[in-house]
Each structure stands twice: as structure tokens, then as C-alpha cells.
Amino acid sequence: QGNEAEVAAFSVPSYACQRRTTLENHNTVLTDALSLLAENAELSEEDGRGVAFRRAAAVLKALPKPVASMTQLRGLPCLGEHSLRVIKDILENGASSEVESTKQSERYKALKVLTGIFGVGARTADRWIRDGIHNLRQLQDSGPTLNRAQQAGLEHYDDLNQPVSKSDADAIGEVVEKAVVSVLPGAHMTLIGGFRRGKLTGHDVDFLITHPEEGREVGLMPKLVSWLESQGFLLYQKTTRNSYLESKDGPARPASNMDRFERCFSIFKLTKEEKRGTKHPETLTENGTKPAGHKPWRAVRVDLVVSPISQFAFALLGWTGSKLFERELRRWAGHEKSMSLSSHALYDNRQSKYLRATSEEEIFAHLGLEFVPPSERNA
Ligand code: ATP
Ligand code: MN
Ligand code: MN
């Protein structure tokens, strides 16, 4: 039995965007378990269940110390019956039988391996599993038609499943920055995604690019991609047009932005020279030796986003994450404020108008939320 302080109940606000969630997590055993169940639900295309587990995990990430007993959880938001059962199992038995059996299940293992291929989502993986494909060998043997993204994903499978370090992210940042200013002088580049939140590793590197003069960013993405391609930095790229007009997350906006290419999902070739440029030692294996047949480069997933300056604050907020923090911001906007938030704009349904903002701080203020800095958005 703990002392009085240990059993005092925790208290956290119900939306993740009302909380400050740093990378310091006092309940990793519990949050890893709930995240695994969330992932399994998402891989099984049960998004509702997935979000429920993500929300439960996020509440535990926000607690100031480890959970010692179930009574401390009384009154906490987002902890449904199922999540509470998992937590109780772990507190009492050291592990959750559901989590352990999920981890061991052939279906979960196959879904993980197959969706570990860039370009393969839950639906494709499910179809392959039903065709008897459970691993990469069976995939190569039975040879279903792969699209360009999946071919690249398979080719660079090992690299893309290695975490990306901050120093790798910085090395890529230097190359992208150089490309950006040579194709459009005066343009700005910002690191976004997990690295902006202070994470030390990531599954990719995300950059947001804009120009202080509205409209100057038009046509930037194709030029940027051509520059990087001509220098041999891209192993794969897919550039997509602004999908804002078709998106469901906000009312339609004027057609002037229609042909802005704004996103590029790529696989970047990070060479030793670029790494050395950042003055970091080259990667060695665990026992400190250079791996045999070590190639002098690695593949890294890189996402590029271009935004007009008028939408920059929204793009910055929308692409910094975490995914759950973003989802909760939009839920807060809709349910509590009758507003629609996207990574392009904030629309006030009561006033029937767009609310302008030139900084993230202004957007939080419009939403009636206390400002949460990027390092505290790790929900
Ligand atoms: P990691 O370290 O694993 O990369 P991350 O937080 O950077 O973590 P990403 O998947 O790179 O995760 O996403 C970064 C941000 O970009 C998130 O806020 C996410 O909501 C947003 N995002 C990712 N993909 C898209 C997309 N296709 N359209 C719009 N926003 C996206
Ligand atoms: Mn990322
Ligand atoms: Mn990304």
C-alpha cells in the first residue's frame, strides 16, 4: 500500500490540446500497451477503437508520475472500460494478456511487416494476408502488382524501418535549405513534425517551406524537387497538388490556390558526405565496427510541404503534430467552439467567416486555448 500522496487521484483536462504533454512519460509500460492496441485497431481498420486507445494512452502520458493504483484513475477522462481493464491487468499482473496475445498473433505480425513497406496501408496488407502473404519473402515469391511507391518501399525496406536521428534530420535539413534558397531566394524552411516537438528520433523528417511575399511560393515545389532530383538526392518522390478544395475538413476556399503543388512525399538519399557535413560520427554497429558491405548512404523518408505565407501559421500548427494533438485540436474547435480548423485556415461557423492568424499563438487564442509550445504537444 502506498502513502496518501501516492494514492491521491490524478486530474487532467479532457482534450489533449488543453494539456501539456512533454516527452517525459512516467507511464511508458502502460502507454506502450495501449498504443499497441491502438495500432492493432488501426491496422484492422477499426479507427474508432484506435482513437479510443490513443486518447487513453495520451491521458496517461500527461500524468506527473507513475500510476500506482486504479483508484488514482478515478474521474480521469478518456479511460473507457476496455482501457481500464488493460491498465488493471498490467498493474496487478505485470502484463496485459490481451496485449501479449496480440503481439504474438500471426495476423498482427504480418500486418506490421507488410505495412512497414512505404506505400502499403492496412487495406492492402489485409488483402495480401487473405491471399496467404505474411512476410516479405512470400510477397516477393507471389509477386502481386506493386505500385511505384511500394516498389521503392520494398527496395529500401531496412533503411526506412531504421529510426532517423536528429543529426540525420539536420544533415537533410542543410541540403533542403540549400535547394530552397537556390530555387527561390528569400524562401524560408522550418523543421516540423516530431523533430520540432523535440523528439530525438523519427520515422521521417518533415519540412515546411514558405516565402514572406504571398504568391511567390507558387511553383516552388516542382522546382525544389527538380533541383534535388538533378543532384541525385531523391530515390523516390510523389508531389501532390493542394487537396484543400476537395478536403472535408473545412469549407471550400477561393480557387486561386488550385494549382499550388504543396506536398511531396519522398525517399531521400542521405550520403556520408552530407552526414559528415554536420560533424557527427558515422553510424557504426552495436559493437563499434563498420558493418560488412556497408553502403555509404541511407534512405530516409522526407515530407516537404509548401504553404503560402497567409496560411503558414495553420500549416505550421497542422504539421507539427502529434497526430492525436492535431485531432484533438480539430475536435475542440468543432465541438466546443463551432469552428473548423485545418492546416490551411480556421473558419468560425457562428460568425460565418475565416479567422486570420500569423502565428500559432494567435490560433490558440482564437480557439480559446492556452498556448501549448511544440515540445508540450507530445500527446
Ligand atoms: P514521426 O517521428 O514518427 O515522423 P511525426 O509526429 O513527425 O512522428 P508524421 O507522420 O511525420 O509524424 O506527421 C507529422 C504531422 O504531419 C502530423 O501532425 C500529421 O498530422 C501531419 N500529417 C502527416 N501526414 C499528413 C497528410 N497526409 N496530410 C496532412 N497532414 C499530415
Ligand atoms: Mn515525422
Ligand atoms: Mn511525415
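Numbering of residues starts from 1 in every chain and runs along the sequence as written. The naming scheme follows written order: chains are lettered A onward, ligands numbered 1 onward. The predicted origin of the model limits local features to residues at a pLDDT of at least 70 and limits the giving and counting of side-chain atom pairs to 80 or more, whereas totals for whole chains, interfaces and linings rest on all residues. The basis for every side-chain value is the complete set of non-hydrogen atoms in the structure, without hydrogens or water.

## Regarding the overall build of the protein chain
Summing up its helical and strand segments, the protein chain has 17 helices and ten strands in all. Only protein chains enter the calculation, and the probe is 1.4 Å; a residue is then buried if its accessible area is under 20% of its type maximum, exposed if over 50%, and partly exposed in between. Taken over 379 residues, the protein chain has a buried fraction of 47%. Note on areas: Shrake-Rupley, 1.4 Å probe, and residue coverage restricted to the protein chains presented here. Of the accessible surface of the protein chain, which amounts to about 18,900 Å², a share of 50% is contributed by carbon and sulfur atoms. The numbering of helices and of strands both runs from the N terminus, where a helix is a DSSP run of H or I of at least 4 residues and a strand a run of E of at least 2.

## Points about the coordination of the manganese ion (ligand 2)
For the manganese ion (ligand 2), the protein coordination sphere consists of D204 (OD) and D206 (OD), at 2.0 to 2.1 Å. Metal coordination here is assigned from N, O and S atoms located within 2.8 Å of the ion, or within 3.2 Å for Na, K and Ca; omission of water means that sites may look incomplete. A separation of 3.6 Å is found between the manganese ion (ligand 2) and the manganese ion (ligand 3), which are bridged by D204. Exposure remark for D204: the relative accessible area of 7% places this residue in the buried category.

## A look at helix α6 (residues 106-115)
Those residues of α6 lying buried are Y108, A110, L111 and L114. For α6, the angular spread of the buried residues around the axis is 165 degrees, confining them to a single face. Every residue pair with non-hydrogen atoms within 4.5 Å of one another is taken to be in contact. Buried residues belonging to α6 abut α2 (28-43), α5 (97-104) and α7 (122-130). Working definition: the arc comes from the directions between the helix axis and the C-beta atoms, pointing outward to the latter.

## Observations concerning the site of ligand 1
Within the structure, ligand 1 sits among 15 residues, and G194, R197, H203, D204 and K323 are positioned closest to it. Polar contact is defined as a pair of N or O atoms within 3.5 Å, subject to the rule that within protein one atom must be able to donate a hydrogen and the other to accept it, and that residues adjacent in sequence are counted only when both atoms are side-chain atoms. Within the side chain of R263, a nitrogen or oxygen atom sits 3.4 Å from a nitrogen atom of ligand 1. Relative to its unbound accessible area of 610 Å², ligand 1 is 76% covered by the protein chains. Those elements giving two or more residues to the shell around ligand 1 turn out to be α12 (193-196), β6 (261-271), α15 (312-320) and α16 (323-337). When at least one non-hydrogen atom of a residue lies within 4 Å of a molecule or strand, that residue is treated as near it.

## Structural notes on the packing of aromatic side chains
The way to describe two aromatic rings as a pair is by their centre distance and the angle between their planes. Working definition: rings of Phe, Tyr and Trp (its six-membered ring) pair if their centres are within 6.5 Å, and the pair is stacked with planes under 30 degrees apart, edge-to-face with planes over 60 apart, and tilted otherwise. Inspection of every chain in the model, using the stated rule, returns six aromatic pairs. On the numbers, 5.1 Å between centres and 90 degrees between planes, the contact of Y15 with W332 is edge-to-face. Separated by 317 residues along the polypeptide, Y15 in the loop between α1 (4-7) and α2 and W332 in helix α16 bring together distant segments of the chain. Overall, Y15 belongs to the buried group, its relative accessible area being 7%. Overall, the relative accessible area of 9% leaves W332 in the buried class. For the ring pair F364 and F371, a centre distance of 5.2 Å and an interplane angle of 85 degrees mean the geometry is edge-to-face. For F371, a relative accessible area of 25% gives the class partly exposed. Put simply, the rings of F325, F364 and F371 touch in pairs and so form one group of aromatic residues.

## Section: unusual backbone geometry
Between G321 and S322 the backbone carries a cis peptide bond, its omega angle lying at -5 degrees. Relative to the helices and strands, S322 is located in the loop between α15 and α16. If you check the backbone angles, S352 has positive phi at about 50 degrees while not being a glycine. Structurally, S352 is set in the loop between β9 (346-348) and β10 (353-354).

## Some thoughts on the side chain of E360
With respect to the secondary-structure elements, E360 resides in helix α17 (residues 360-366). Polar contacts involving the side chain of E360 include one to the side chain of R196, which spans 2.9 Å. Residues in contact with E360, not counting those within four places in the same chain, are R196, A313, L316, L317, T320, F371, P374 and R377.

## With respect to the packing of α2 against α5
Relative to each other, α2 and α5 sit at 50 degrees, their axes nearing to 10 Å. By the criterion of interaxial angle, the relationship of α2 to α5 is oblique. Pair α2 / α5 crosses with left-handed handedness. Residues A33, L36, L37 and N40 of α2 lie in contact with α5, whose contacting residues are E98, V99, T102 and K103. Each residue receives one of three labels: charged for Asp, Glu, Lys and Arg, nonpolar for Ala, Val, Leu, Ile, Met, Phe, Trp, Tyr, Cys and Pro, and polar for the others, Gly being one of them. Taken together, the residues of the contact of α2 with α5 break down into four nonpolar, two polar and two charged. Fitted lines through C-alpha atoms give the axes, limited to the stretch in contact for helices. The angle between two N-to-C directions lies from 0 to 180 degrees. Here roughly perpendicular refers to angles of 65 to 115 degrees, roughly parallel to angles under 35, roughly antiparallel to angles over 145, and oblique to all remaining angles. Crossing handedness: left-handed means the near helix sits turned counterclockwise from the far one by under a right angle, and right-handed means the same turn made clockwise.

## Structural notes on the sheet that holds β9
Here three strands make up an open sheet; going across it, the order is β8-β9-β10 and the pairing antiparallel. Only two strands of the sheet have a single partner each, and these edge strands are β8 (339-341) and β10. When DSSP finds at least two bridges between two strands, those strands are taken to pair.

## Quick word on the confidence of the model for the protein chain
Here pLDDT means the predictor's own confidence in every residue, given as a number from 0 to 100. Residues at a pLDDT of 70 or more form 88% of the protein chain, whose mean pLDDT is 92. Ignoring residues within four places in sequence, the model shows residues 246-252, a span with pLDDT below 50, making ten contacts including any to other chains. Overall, residues 254-258 carries pLDDT values under 50, and its contacts beyond four positions in sequence, including any with other chains, amount to four contacts. Under the prediction, the complex receives an ipTM of 0.97, its pTM being 0.91.

## A look at the side chain of S96
Its place among the elements puts S96 in the loop between α4 (81-93) and α5. S96 sits in the buried class, given a relative accessible area of 3%. Polar side-chain contacts of S96 include one of 3.0 Å to the backbone nitrogen of V99. Each residue touching S96, except ones within four places of it in the same chain, is listed here: V86, D89 and I90.

## Brief notes about the packing of helix α3 (residues 47-61) against α16
Contact geometry of α3 with α16 gives a least axis separation of 11 Å together with a crossing angle of 100 degrees. By the angle between their axes, α3 is roughly perpendicular relative to α16. From α3, V51, R54, R55 and A58 reach across to α16, where they touch L324, R327, E328 and R331. A class-by-class count of the residues in the contact of α3 with α16 yields three nonpolar, no polar and five charged.

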